[in-house]
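# Close look at the chain arrangement
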Amino acid sequence: LCCLALVLTGILKPAAAFSQFASTNIVLFAAMFVLGHAFFACGLVDDMGNVIRRYSDNEKKLVFIILVVGGILSAFLSNTSTTAVFLPLIIGIAAATGFSRSRLLYTMMIAVGMGGCVTFLGGPGWLFTKEQIELAHPGVTVSMFELAKIGLPLFLVSVVYMMTVGYKLTPDRNPEEQAEVETKQREHKPGWHKTFVLIDMILTITAMIFADQLKVNACVSATIGALALVLAGVISESEAYQAISWKTLFLFGGILPLSTALKETGAGDMIADVILKAMGNTTNPYVITGVCMLIPCVLSQFLSNATTMAVFTPLGVSVATAIGADPTAVIMAISVGACLAIATPIGQPGNAMIYGPSGLKFIDYARAGLPLLLIMYVVSVVLIPNLWPFF
């Protein structure tokens, strides 16, 4: 709809409106969906589930291991898939141990949500951040781990918070329906599949880390990694196609031309002027960070955080241009604000997925999540201007 609207109104030519479907970041995410699927399909995630079960004799240890394992997985794999796999596992552990199901599930939600902020692979919304930074700096390719500068501190803050007060602040609820979550029986795979997938994933991520030194774009490394899985027979071609979230890729390719339209029509400058007036034309980087984070942070509690990033990151370039700042800093402030979607069941898929099974009410998310959100907001306002200087 976005592409068509821009074409039919004559704002963009068809080639420009649909050009983002050829973005290297779309290719990268498509390949990573395939790699992630193989990770789940071969049983490696089940093995990690067994690690969590080993610590189920002690509630404190269990909470810690859920935070660590959930965070690590969601940094590189689909947040939705990670939540789907761990949901029945944690429900089973809660039933066997008597520990609070609602508290354990909320802990998992925080782990997956904030772990997904450590790399640009952690969620579809980060696609927009990476692309906008690269568009603002032609010829520059942003590292997959650039986000870890802010994402890792925020994840560590969330771990400390949940280990201390967050777990206690989460109400102990019993779901109205006690029906068990259906677990999908995985097809038995040969043992060597796990080894192949693990090696393939390590080599692919290593190639991404050293992309500049190797002079190989991350999307090429990811595509080679995905293709190797199919050629080796670890997953079939049809599985590879099914693993790709086409909805995510169409959202990305369809909404990005809006940034071109905002720039070419001057609409971005108009909106930037309104934002600048709200800031009082200040050049204080901490104030700019706080203001740029605020609106996306509030909206992402009630809209998809990916959608919020898609709409607001293009405006970051206009705001940066108007104040003479580095677009990276403004785009990161907007994106980090949008990623703090933890105070309602709406902002991220994982939030919604635990809503029924946990028995938590809408207000419960705010009770446990708002203090953490405020802490991470302050931490972000302090760190972002120092990690990515505005001027």
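Up top is the structure.
Moving on, we get to helix α14 (residues 246–255). Taken residue by residue, α14 has Thr 248, Leu 249, Phe 252, Gly 253, Gly 254 and Ile 255 as its buried positions. Taken together, the buried residues of α14 touch α1 (2–8), α3 (24–41), α8 (125–136), α15 (257–265) and α18 (305–323).

This brings us to helix α16 (residues 267–278). The terminal C-alpha atoms of α16 lie 17 Å apart, and with 12 residues this matches the ideal 16 Å at 1.5 Å per residue to within 8%. Three or more residues of α16 are buried, namely Gly 268, Ala 272 and Leu 276. The buried residues of α16 occupy an angular sector of 75 degrees when the element is viewed end-on, so they sit on one face. For α16, the exposed residues set more than 90 degrees away from the buried face come down to Met 270, Val 274, Lys 277 and Ala 278. Summarising the contacts, the buried residues of α16 are in contact with α15 and α18. Just downstream of α16, Gly 280 is the residue with a positive phi angle, here 70 degrees.

Nonpolar side chains collect at one region of the surface, where Leu 294, Ile 295, Val 298, Leu 299, Phe 302, Leu 303, Ile 346, Tyr 355 and Phe 362 lie side by side and expose about 780 Å² of accessible area between them. In terms of residue count, helix α17 (residues 285–299) provides more of the nonpolar patch than any other element does, four residues in total. Among the structural elements, Val 298 can be located in helix α17. Given the relative accessible area of 45%, Val 298 is considered partly exposed.

Further remarks concern the environment of Tyr 161. With respect to the element layout, Tyr 161 can be found in helix α9 (residues 148–169). Sequence-wise, Tyr 161 and Leu 372 are 211 residues apart; in three dimensions their C-alpha atoms are separated by 6.9 Å.

This brings us to the packing of aromatic side chains. Aromatic rings in a pair are described by how distant their centres are and how their planes are angled relative to each other. Enumeration according to the criterion identifies 10 aromatic pairs in this entry. Here the aromatic rings of Tyr 106 and Tyr 365 are separated by 5.9 Å at their centres, their planes lie at 75 degrees, and the arrangement is edge-to-face. You can see Tyr 106 sitting in helix α7 (residues 101–115) and its partner Tyr 365 sitting in helix α22 (residues 362–387), a full 259 residues away along the chain. Note on Tyr 106: relative accessible area 1%, which makes it buried. Ring plane angle 50 degrees and centroid distance 5.2 Å describe the contact between Phe 128 and Phe 252, whose orientation is recorded as tilted. Linking Phe 128 in helix α8 with Phe 252 in helix α14, this pair joins segments that are 124 residues apart in sequence. Members of the aromatic cluster, each reached through a chain of ring pairs, are Phe 18, Phe 21 and Phe 250. Sitting over the ring of Tyr 167, Arg 103 keeps its end group 5.9 Å from the ring centre.

Once that is clear, we can look at the side chain of Thr 313. Along the polypeptide, Thr 313 turns up in helix α18. On the basis of relative accessibility, which here comes to 0%, the residue Thr 313 falls in the buried class. Engagement of the side chain of Thr 313 in a polar contact is seen with the backbone oxygen of Met 309, the distance being 2.6 Å. Setting aside chain neighbours within four positions, we find Thr 313 in contact with Phe 128, Thr 129, Gln 132, Ile 331, Ile 334 and Ser 335.

Helix α19 (residues 327–339) packs onto α8 with a crossing angle of 175 degrees between their chain directions and a minimal axis gap of 10 Å. Viewed along their axes, α8 and α19 adopt a mutual orientation that is roughly antiparallel. Side by side, α8 and α19 meet where Trp 126, Thr 129, Gln 132, Ile 133 and Ala 136 of the first sit next to Pro 327, Thr 328, Ile 331, Met 332, Ser 335, Val 336 and Cys 339 of the second. Here the contact of α8 with α19 is composed, by residue class, of eight nonpolar, four polar and no charged.

Quick look at the environment of Asp 57 now. Along the chain, the position of Asp 57 falls in the loop between α4 (44–54) and α5 (59–76). Between the C-alpha atoms of Asp 57 and Thr 97, which are 40 residues apart in sequence, the distance is 7.5 Å.

Scanning the model with the defined rule gives zero disulfides in all. We note that Cys 2 lacks a disulfide partner, and the nearest cysteine sulfur, in Cys 3, lies 5.7 Å from it.

Rules behind the numbers
Residues numbered from 1 in each chain as written. Predicted model: local features only at pLDDT ≥ 70, side-chain atom pairs only at ≥ 80, totals over all residues. Heavy atoms only, no water. Buried < 20%, exposed > 50% of the residue type's maximum accessible area, 1.4 Å probe, protein only. Helix = DSSP H or I, 4+ residues; strand = E, 2+ residues; numbered from the N terminus. Contact = heavy atoms within 4.5 Å. Expected span 1.5 Å × (residues − 1). Arc of directions from axis to C-beta. Patch = residues over 30% accessible without salt bridge, like charges linked within 9 Å, V, L, I, M, F, W, Y side chains within 5 Å. Areas by Shrake-Rupley, 256 points an atom, 1.4 Å probe, with all protein chains shown as cover. Salt bridge = Lys/Arg side-chain N within 4 Å of Asp/Glu carboxyl O. Phe/Tyr/Trp six-rings, centres within 6.5 Å; stacked < 30°, edge-to-face > 60°. Lys NZ or Arg CZ within 6 Å of the ring centre and 35° of its normal. Polar contact = N/O pair within 3.5 Å; in protein donor to acceptor, adjacent residues only side chain to side chain. Axes fitted to C-alpha atoms, helices over the stretch in contact; angles between N-to-C directions. Parallel < 35°, antiparallel > 145°, perpendicular 65-115°, else oblique. Nonpolar A, V, L, I, M, F, W, Y, C, P; charged D, E, K, R; others polar. Disulfide = S-S within 2.5 Å.

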